[in-house]
Amino acid sequence: MVIFRRALPGFLVLLLLGTAAPAAAAAERSAAAVRADAASTPVLDWGPCREPGLERYQCAVAEVPLDYARPQGKRLPLAVIRQPAADPARRIGTLFTAVGGPGGSGLDAAKQGLLAEGELARRFDVVSFDQRGIGRSRQVRCFGSPAEQERFWASTALPPANPAEERLAEQRGRELARGCAAHDPELIGHLTTADAASDLDLLRRAVGDRKTTFSGGSYASYLGEVYGALFPGRVRALQLNAMIDPVGYTSDTLGMLWRRSAGTEEVLREFARLCTEAGAARCPVAGDTLARNASVLARLKRGPITVGRGKDALVLRYADVVPLHAQLLYDTARGWPALAELLAGLERGPDADPAPLREIYQVTGFRLDFLDSYTAISCADNEFPPVPGAWPALARAFDAAAPNYGRHWLYQLQACASWTPNPQRHQGPWTLRSQTPALLINNRFDPVTSVAFAYDAQRALGNARLVVVDGHGHNPLGSTCTDRLRERYLIDLQLPGPGTRCAPDHRPFEPVPSR
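None of these values were measured; they are calculated from a predicted model. (Residues numbered from 1 in each chain as written. Predicted model: local features only at pLDDT ≥ 70, side-chain atom pairs only at ≥ 80, totals over all residues. Heavy atoms only, no water.)

Focus: the overall build of the chain
Phase 1: A tally of helices and strands in the chain yields 21 helices and 12 strands.
Phase 2: Whereas a compact globule of 515 residues would reach a radius of gyration of roughly 24 Å, the chain reaches 23 Å, a difference of no more than 12%.
Phase 3: By its C-alpha atoms, the chain is 60 × 50 × 45 Å across when sized along the principal axes.
Phase 4: Relative to all contacts within the chain whose residues are 6 or more apart in sequence, the contacts with residues 24 or more apart total 77%.
Phase 5: Surface summary for the chain: the accessible area is close to 20600 Å², and the carbon and sulfur share equals 53%.
Phase 6: Charged side chains in the chain number 59 positive and 54 negative. The centres of these two groups are separated by 3 Å. (Helix = DSSP H or I, 4+ residues; strand = E, 2+ residues; numbered from the N terminus. Rg over C-alpha atoms; globule rule 2.2 N^0.38 Å. Contact = heavy atoms within 4.5 Å. Areas by Shrake-Rupley, 256 points an atom, 1.4 Å probe, with all protein chains shown as cover. Lys, Arg positive; Asp, Glu negative; His and termini not counted. Charge placed at Lys NZ, Arg CZ, Asp CG, Glu CD.)

Side note on the state of the cysteines
Phase 1: Enumeration over the complete set of coordinates arrives at 5 disulfides.
Phase 2: Disulfide partner of C49: C59, at an S-S distance of 1.9 Å. Because the torsion about its S-S bond is 100 degrees, the bridge between C49 and C59 counts as right-handed. Of this pair, C49 sits in the loop between β1 (47–48) and β2 (58–65) while C59 sits in strand β2; the two residues are 10 residues apart in sequence, bridging distant segments of the chain. (Disulfide = S-S within 2.5 Å.)

Remarks on the side chain of T193
Phase 1: Residue placement: T193 occurs in helix α9 (residues 193–207).
Phase 2: Among the residues examined, T193 registers a relative accessible area of 0% and is labelled buried.
Phase 3: Reaching out from T193, the side chain makes a polar contact with the side chain of D381 at a distance of 2.5 Å.
Phase 4: With residues near it in sequence (within four places) discarded, T193 still touches Y219, Y222, L223, V226, I377 and D381. (Buried < 20%, exposed > 50% of the residue type's maximum accessible area, 1.4 Å probe, protein only. Polar contact = N/O pair within 3.5 Å; in protein donor to acceptor, adjacent residues only side chain to side chain.)

What about the pattern of salt bridges?
For side chains of opposite charge, pairing can occur when their charged atoms come near one another.
Phase 1: With the rule as written, the count across this model stands at 38 salt bridges.
Phase 2: Residue D199 pairs with R132 through a salt bridge whose shortest N-O separation is 2.7 Å. Placement of D199 in helix α9 and of R132 in the loop between β5 (124–129) and α6 (146–154) is noted, with a sequence separation of 67 residues between them.
Phase 3: Its salt-bridge partner being E277, residue R507 comes within 3.3 Å of it at the nearest N-O pair. (Salt bridge = Lys/Arg side-chain N within 4 Å of Asp/Glu carboxyl O.)

Overview of the sheet that holds strand β10 (residues 438–445)
Phase 1: Taken together, 10 strands build an open sheet; the order of strands is β1-β2-β3-β5-β4-β6-β7-β10-β11-β12 and the sheet is mixed. Looking at strand neighbours, the two that pair on one side only are β1 and β12 (501–502), the edges of this open sheet.
Phase 2: Looking at chain direction, β10 and strand β11 (residues 464–472) are connected through 7 bridges and run parallel. Paired with L439 across the strands is R465, a residue of β11.
Phase 3: Lying over the sheet, helix α21 (residues 480–492) contacts β4 (93–98), β5, β6 (212–217), β7 (235–241), β10, β11 and β12, oriented at roughly 165 degrees with respect to β7. (Pairing = 2+ DSSP bridges. Axes fitted to C-alpha atoms, helices over the stretch in contact; angles between N-to-C directions.)

So, the side chain of H474
Phase 1: In this structure, H474 sits in the loop between β11 and α21.
Phase 2: Owing to a relative accessible area of 12%, H474 belongs among the buried residues under this scheme.
Phase 3: Within the structure, the side chain of H474 is placed 2.8 Å from the side chain of S218, a separation counted as a polar contact.
Phase 4: Setting aside its immediate chain neighbours within four residues, H474 contacts S218, A242, Y330, N443, D446, P447, V448 and T449.

Re the packing of aromatic side chains
Phase 1: Inspection of every chain in the model, using the stated rule, returns 13 aromatic pairs.
Phase 2: Note on Y222 and W430: the rings are 5.9 Å apart at their centroids and 50 degrees apart in plane angle, and the pair reads as tilted. Here the residue Y222 occupies a position in helix α10 (residues 219–230), and W430 occupies one in the loop between α19 (406–411) and β10, the gap between them amounting to 208 residues. Considered together, Y222 and W430 belong to a single accessibility category, that of buried residues.
Phase 3: Here the aromatic residues Y219, Y222, Y249 and W430 are joined through ring pairs into a cluster of three or more.
Phase 4: Cation over ring: R444 sits above F445, and NZ or CZ is 4.2 Å from the ring centre. (Phe/Tyr/Trp six-rings, centres within 6.5 Å; stacked < 30°, edge-to-face > 60°. Lys NZ or Arg CZ within 6 Å of the ring centre and 35° of its normal.)

Examining the nonpolar core
Phase 1: In this structure, F271, L342 and L346 are the most contacted members of the largest nonpolar core, which totals 127 residues.
Phase 2: Considering each element in turn, this core owes the most residues, 9 residues, to helix α12 (residues 253–278).
Phase 3: Ignoring anything within four residues of it in the chain, the contact list for F271 reads T289, L329, W336, L339, A340, L343 and F509.
Phase 4: Counting residues in each nonpolar core, the second largest holds 24 residues, with Y57, L95, I441 and C502 among its members. (Core = buried A, V, L, I, M, F, W, Y, C linked by side-chain atoms within 4.5 Å.)

Section: the packing of helix α14 (residues 318–328) against helix α15 (residues 335–348)
Phase 1: Here α14 crosses α15 at 150 degrees, and the two axes come no closer than 8 Å. With respect to their mutual orientation, α14 and α15 come out roughly antiparallel. Residue-level inspection shows V321, L324, H325 and L328 of α14 in contact with α15, the latter providing G335, W336, A338, L339, L342, L343 and L346. (Parallel < 35°, antiparallel > 145°, perpendicular 65-115°, else oblique.)

Structure below.
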């Protein structure tokens, strides 16, 4: 962060320093528990899920307080899903899971595969949910109609490529903040992760567990950190992956984005190195990969690139490609080959087949409701200087340090500069005072939550053990090593030794054997 502040104009440094807020007192942690305890325990009337794609699960709705300061007041429905333990005679309890974002839906994720497999699926009921403000749990509304929502996001170029787009981005950020406040004023003040952690504690009570067993990655690691800070005596096990640094996330968000941008650049360099090692047969942009990537992005900044010819041609803007570019780095098995194909197609332009690029672009997009939830929940937890007009100057500093991804991460949350600060968000302390330390797992080369965040999170929690996977991508799980460590921790509360590292089962650009 020292480097970050030196790169900024003086008036921006003052803005950043002036918005720092004091850490919450320890007493506030117990106050959160007192408020949650004053709420009624939800009744979960489990039944077969009727939504297509969820037939294998059981579903229920948990009624929780909209406002924990009024625990017996207005209720908010949480959509909850359960995968019952496959070996009920040896059942330990409930394993709660959550997905990242913020904005991801636990129920949508359940459609992609089982909530847990192997010994975890045998020994636990596995429960997930749509967090408040997401999907089936009272989706936050920032627009008057779906058509208005679609027009807004379709005409908003993020990240902006030129001064005109920067001015439009500032205007749209202000509009989005006003729209969320106007269309959902009741909910918008109760979307902090502290609210979600209180919801999680009520779900613990609802399933009858004395203590919480939780596993979550990316943003959901932050939900676990907040839960551990607010309800430490109720933690059985916290297994967190792809770590958020809670201090940076809540109290120095610009600094966090600066470091995230640097981490994504590092992973791009790894992509280029391993692409070249794999050769053109497996990675079509092998050889001078970084220079070829820079050339493509420079062309896009000057204007859209047309891929293919005629009625089937695909036109892609800078704002279409850069978010996709970053997202494809998440997944080495499918995303990295797709990124290579994307860059090769953009290089060839009219001479390329647009069909593969169209498929890549279509299958990796975000739901518009996700974008609304991502913005509203992030702005409830994050801290930004309340100066939307400062973003172009910030972007120049980010560009100098992280030319491929700096403005991508920065401009995602410009709306937060126009957001009303939420006093309910938790800003520390973060020390985990549970009997069992948390188990943290992070890839060495993660494009979103760099391993530096994991070390910071371990220091903030104190009572935590970190395992680094010597691999790439955003999900460190799924290898033989990490699966074994997770099972022993979540089932037996057995921690790996200090300094334990894991190797991935597969390297990028190598064929993945089918299971």
